[in-house]
Amino acid sequence: MTTGTTEPEEYATGGAERRREQRGWYFYDFACSVYSTSVLTVFLGPYLTSVARAAADTEGFVHPLGIPVRAGSLFAYAVSASIVVAILVMPLVGAVADRTGRKKPLLAASAYLGATATAGMFFLAGDRYLLGAFLLIVANASLSVSMVLYNAYLPQIAQPDERDAVSSRGWAFGYTSGALVLVLNLVLFSGHDSFGLTEGEAIRICLASAGVWWGAFTLVPLRRLRDRRVAADGPDRAGGGPVGSGWRQLRATLKDMRRHPLTLSFLLAYLVYNDGVQTVISQASVYGSEELGLDQTTLITAVLLVQVLAVAGALGMGRLARSYGAKRTILASLAVWTLILVAGYFLPADAPVFFYCLAAAIGLVLGGSQALSRSLFSHLIPRGKEAEYFSAYEMSDRGLSWLGPLVFGLAYQLTGSYRDAIISLVIFFVVGFALLARVPVRRAVEAAGNPMPDRI
């Protein structure tokens, strides 16, 4: 087994070059997190729901493709559909990236497709709920694909004992940009009358500006990150072109993953608990507006609080991981997530102060639980398969997180209560905790043949 902290030549660049790549890598979080914050978490859920309701029949249903859908469930279903699309694309992209070694062109293509779809949300007006659902599906799937490629750089630009800190700084950069843009959004939305805009126009500008921001700051990582060479004798490198060989390599990877059952055990645990995390993020604004009766300004301010505290939370949990290990720190965060959902179920309506308290708690655990999960997984990947394994990880992160939104949407459709929908998510954190607690992470690192960090 490989021990120590020695990295192969293609991974261990000089200190200055490695730090330069790391700084460029942080900026993709800075670029795309605005979509996750301003679009997915704050504006699009309530706005798309209002657009769907404008197109609904007298019983409150819209009929995409002739299927009756309650207007209040459309957003959750669209998020779920986007993730199904991502499932079909991410493994192929990961296989092609590892076969060709050309992550940057694929990162650029997926990032700019998503940014363009997000900018196109400016045209989401009137009763165009189908346009809104389509753009959401394209943007969300593109983000998932781009994150496969982005995350796959982590093992190549950070040595084993650096990864918790580097991953946490990336999330902190993302939350910083989310907070900055939300402040600008809040100014525009709150003062839309003084700018000569309707409320709907202000929201559509906020949505579109997230796409412009995403595209503009993606230029930084594209300039600083570099593609690594691919070994000529790697698995299934010859013939068939990148796409055909990508599918063959993907099949080989799926077989290879069965040789690493401990890595798969971590992925299963992550799939379950992260499904809950992603659903809370995407549905929080709908819950606040529809069930708690909170106005858009309150929701923006609450999400801004999440962003500010998430920076401190990501960095703070990164420090805790140095003392207690990433696994124990993640387990503690899952216990806190469970308490947050229980508290959310009992939140009184029209009480912004209690909602702010809940937002603060979310902020303190959100970034850290995601950052440490990413860095922990990076230790469990066999070398040379970073993008392919991170495509499986991204399925768990975004790609297989269709079940949570689906459960949330079905719970509301069956009960008409968002409180029942939010409490249904507790099961994801309880089961995820139990599964992660059973994973022997040190044995998993050894089985993958990677250097063992001092504490994990």
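Any chance you could break down the overall build of the protein chain for me, citing the residues and the numbers?
In terms of helices and strands, the protein chain carries 18 helices and two strands. Entry remark: accessible area of the protein chain is about 17100 Å², with carbon and sulfur atoms responsible for 65%.

Account for empty space enclosed by the protein, with residues named and values stated.
For the structure shown, the criterion picks out two cavities of 30 Å³ or more. Taken as a whole, the largest cavity holds about 620 Å³ of empty space. Lining the largest cavity are 44 residues, with Thr41, Val280, Ile281, Ser282 and Leu366 sitting closest to its centre. If one sorts the elements of the lining of the largest cavity by residue count, helix α10 (residues 261-291) sits on top with nine residues. For the lining of the largest cavity, a count of residues per class yields 26 nonpolar, 14 polar and four charged.

Explain the environment of Leu184 residue by residue, including any values.
Position of Leu184 among the secondary structure elements: in helix α6 (residues 163-190). Placed 22 residues apart in sequence, Leu184 and Cys206 show a C-alpha to C-alpha distance of 8.7 Å.

Please provide a residue-by-residue account of the packing of helix α1 (residues 15-55) against helix α4 (residues 129-152), values included.
Where α1 contacts α4, the two axes come as close as 10 Å, and the packing angle between them is 160°. Looking at the two axes, α1 sits roughly antiparallel to α4. Here the hand of the crossing between α1 and α4 comes out left-handed. For the contact of α1 with α4, the residue count by class is 18 nonpolar, four polar and one charged.

Could you give an account of the pattern of salt bridges, with specific residues and numbers?
Tallied over the entire structure, the rule returns five salt bridges. Here Glu162 and Arg18 are joined by a salt bridge, their closest N and O atoms 3.2 Å apart. Within this pair, whereas Glu162 is found in the loop between α5 (154-157) and α6, its partner Arg18 is found in helix α1, the two being separated by 144 residues in sequence.

So what's going on with the side chain of Asn185? Residues and values would help.
One can find Asn185 in helix α6. Looking at Asn185, the relative accessible area reads 4%, which means it is buried. Excluding residues within four positions of it along the chain, Asn185 makes contact with Ser38, Phe43, Cys206 and Ser209.

Any details on the environment of Phe346? Residues and values, ideally.
Positionally, Phe346 belongs in the loop between α12 (326-345) and α13 (352-378). Along the chain, Phe346 and Arg419 lie 73 residues apart, while their C-alpha atoms are 8.1 Å from each other.

Can you tell me about unusual backbone geometry, naming the residues and giving the values?
The phi dihedral of Leu65 is positive, around 55°, even though this residue is not glycine. Along the chain, Leu65 turns up in the loop between β1 (61-62) and β2 (69-70). At Asp350, a position not held by glycine, the phi torsion is positive, near 55°. Here Asp350 shows up in the loop between α12 and α13.

Give a detailed account of the side chain of Arg18, specifying residues and quantitative values.
Taking the relative accessible area as the measure of exposure, Arg18 reaches 10% and is therefore buried. A distance of 3.2 Å separates a polar atom in the side chain of Arg18 from a polar atom in the side chain of Glu162.

Explain a nonpolar patch on the surface to me, and be specific about the residues and the numbers.
Residues Val85, Leu88 and Val89 make up a contiguous nonpolar surface patch of roughly 250 Å² in combined accessible area. Locating Val85 in the fold gives a position in helix α2 (residues 74-100). Taking relative accessible area as the criterion, Val85 reaches 35% and is therefore assigned partly exposed.

Any details on helix α17 (residues 426-437)? Residues and values, ideally.
Three or four residues apart is the spacing at which side chains of an α-helix point the same way, because the helix has 3.6 residues per turn. When the terminal C-alpha atoms of α17 are compared, their 17 Å separation across 12 residues agrees well with the 16 Å that a helix rising 1.5 Å per residue should span. Those residues of α17 lying buried are Val426, Phe428, Phe429, Gly432 and Leu436. For α17, the angular spread of buried residues about the axis comes to 160°, placing them on one side. Where the residues of α17 are buried, they touch α10, α12, α15 (403-415) and α16 (418-423).

Quick one: what's the story with the nonpolar core, residue by residue and with numbers?
One finds Trp25, Leu44, Leu136, Trp214, Phe266 and Trp337 to be the most contacted residues of the largest nonpolar core, which totals 142 residues. Those residues in contact with Leu44 that sit more than four places away from it in its chain are Ser38, Val39, Thr49, Phe75, Met121, Leu124, Leu136 and Leu207.

An account of the packing of helix α11 (residues 296-324) against α12 is needed here, citing residue identities and associated values.
Relative orientation of the contacting elements α11 and α12 amounts to 130°, with a least axis distance of 7 Å. Compared by their axis directions, α11 and α12 come out oblique. Residues Met317, Leu320, Ala321 and Tyr324 of α11 form the contact with α12, whose participating residues are Ala326, Arg328, Thr329 and Ser333. Class assignment of the residues belonging to the contact of α11 with α12 gives a composition of five nonpolar, two polar and one charged.

Basis of the calculations
Residues numbered from 1 in each chain as written. Predicted model: local features only at pLDDT ≥ 70, side-chain atom pairs only at ≥ 80, totals over all residues. Heavy atoms only, no water. Helix = DSSP H or I, 4+ residues; strand = E, 2+ residues; numbered from the N terminus. Areas by Shrake-Rupley, 256 points an atom, 1.4 Å probe, with all protein chains shown as cover. 1 Å grid on protein atoms, 1.4 Å probe; cavity = no way out; pocket = protein on both sides within 12 Å on 5 of 7 lines; lining within 4 Å. Points joined across faces, edges and corners; volume = space filled by probe spheres on them. Nonpolar A, V, L, I, M, F, W, Y, C, P; charged D, E, K, R; others polar. Axes fitted to C-alpha atoms, helices over the stretch in contact; angles between N-to-C directions. Parallel < 35°, antiparallel > 145°, perpendicular 65-115°, else oblique. Left-handed = near helix turned anticlockwise from the far one by under 90°. Salt bridge = Lys/Arg side-chain N within 4 Å of Asp/Glu carboxyl O. Buried < 20%, exposed > 50% of the residue type's maximum accessible area, 1.4 Å probe, protein only. Contact = heavy atoms within 4.5 Å. Polar contact = N/O pair within 3.5 Å; in protein donor to acceptor, adjacent residues only side chain to side chain. Patch = residues over 30% accessible without salt bridge, like charges linked within 9 Å, V, L, I, M, F, W, Y side chains within 5 Å. Expected span 1.5 Å × (residues − 1). Arc of directions from axis to C-beta. Core = buried A, V, L, I, M, F, W, Y, C linked by side-chain atoms within 4.5 Å.

Without other data, these values stay purely geometric and don't point to any function.
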